[in-house]
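Structure at a glance
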Amino acid sequence: MCSAALDLSDRDRFAAIVVGGGHAGCEAAAALARLGHPTLLVTGNVDRLGHLSCNPAIGGLAKGQMVREIDALGGMMGLWADAAGIQFRTLNMSKGPAVRSTRAQMDRQAYMKAVRTTLFGLPHLRIWQDEVVDVLTDDGGVRGVLTALGLRFYAPHVLLTTGTFLEGRIHVGLTHLPGGRLGDAPAHGL
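Residues numbered from 1 in each chain as written. Predicted model: local features only at pLDDT ≥ 70, side-chain atom pairs only at ≥ 80, totals over all residues. Heavy atoms only, no water.

1. Section: the packing of aromatic side chains
Per the counting criterion, the structure on display carries 2 aromatic pairs. Each ring, one from Trp80 and one from Tyr111, has its centre 6.3 Å from the other, and the planes form 85°; the classification is edge-to-face. Within this pair, whereas Trp80 is found in helix α3 (residues 77-84), its partner Tyr111 is found in helix α4 (residues 108-120), the two being separated by 31 residues in sequence. Just as Trp80 is buried, Tyr111 falls in that class too. (Phe/Tyr/Trp six-rings, centres within 6.5 Å; stacked < 30°, edge-to-face > 60°. Helix = DSSP H or I, 4+ residues; strand = E, 2+ residues; numbered from the N terminus. Buried < 20%, exposed > 50% of the residue type's maximum accessible area, 1.4 Å probe, protein only.)

2. Examining the confidence of the model for the protein chain
Here the protein chain averages 88 in pLDDT, and 93% of its residues register 70 or above. Confidence over residues 1-6 falls short of pLDDT 50; this stretch has 17 contacts with residues more than four positions distant or in other chains. (pLDDT = per-residue confidence, 0-100. Contact = heavy atoms within 4.5 Å.)

3. Here we look at the packing of α3 against α4
In contact at an axis separation of 8 Å, α3 and α4 are set at 135° when each is read in the N-to-C sense. As the angle between them shows, α3 and α4 are arranged oblique. For the crossing formed where α3 meets α4, the hand is right-handed. Facing Met77, Trp80, Ala81, Ala83 and Ala84 of α3, the residues of α4 in contact are Ala110, Tyr111, Ala114, Val115 and Thr118. (Axes fitted to C-alpha atoms, helices over the stretch in contact; angles between N-to-C directions. Parallel < 35°, antiparallel > 145°, perpendicular 65-115°, else oblique. Left-handed = near helix turned anticlockwise from the far one by under 90°.)

4. What about unusual backbone geometry?
Its identity as a non-glycine residue notwithstanding, Asn92 has a phi of 60°, on the positive side. Unlike most non-glycine residues, Asp139 shows phi in positive territory, near 55°. Examined against the element boundaries, Asp139 turns out to sit in the loop between β7 (132-138) and β8 (141-147).

5. Describing the environment of Gly144
Within the secondary structure, Gly144 sits in strand β8. A relative accessible area of 0% places Gly144 in the buried class. Taking the C-alpha atoms as reference points, Gly144 and Asp134, 10 residues apart in sequence, are found 8.7 Å from one another. Gly144 has contacts with Ile17, Asp134, Val135, Leu136, Phe153, Tyr154, Ala155 and Val158, leaving out every residue within four places of it along the chain.

Here's what the structure looks like:
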């Protein structure tokens, strides 16, 4: 699966490869592509780009600070949240300003649509559905990645944004099973 037609003969022409299509991967891929760098985003499931966790919120004390910093640097998460927010609140209003924070609850489908609309609309970004199983190196430097399908994509920069999926395990009571998020496979090989 790919966005636009990914000509495999051009696979060595990427400036960077981003591994993982979660919050960090989507932000990194969008930033690189918006700067004009030919970028490849490799994700295990294209249909899950922009998928939110069980608590579909953007903001809060910790994440809210990160979203503001991303926004100040020209990032997309705040804009995607604006497009998909269904409830916006200021937390801890009865407490001091140091612990006040904004948080927005998202419509999951609208958020995924906003993320995908942005990513698939970036002319310098290609999206490939596959699992990266190895980072290729040469003389101590990065050359690219090897995928589970046996494809090699080349770039001088590789960003690993696998999050909780890297050798991920899900714990439900006393039951433990491999997974990145309930219903998603973990990333093995790296």
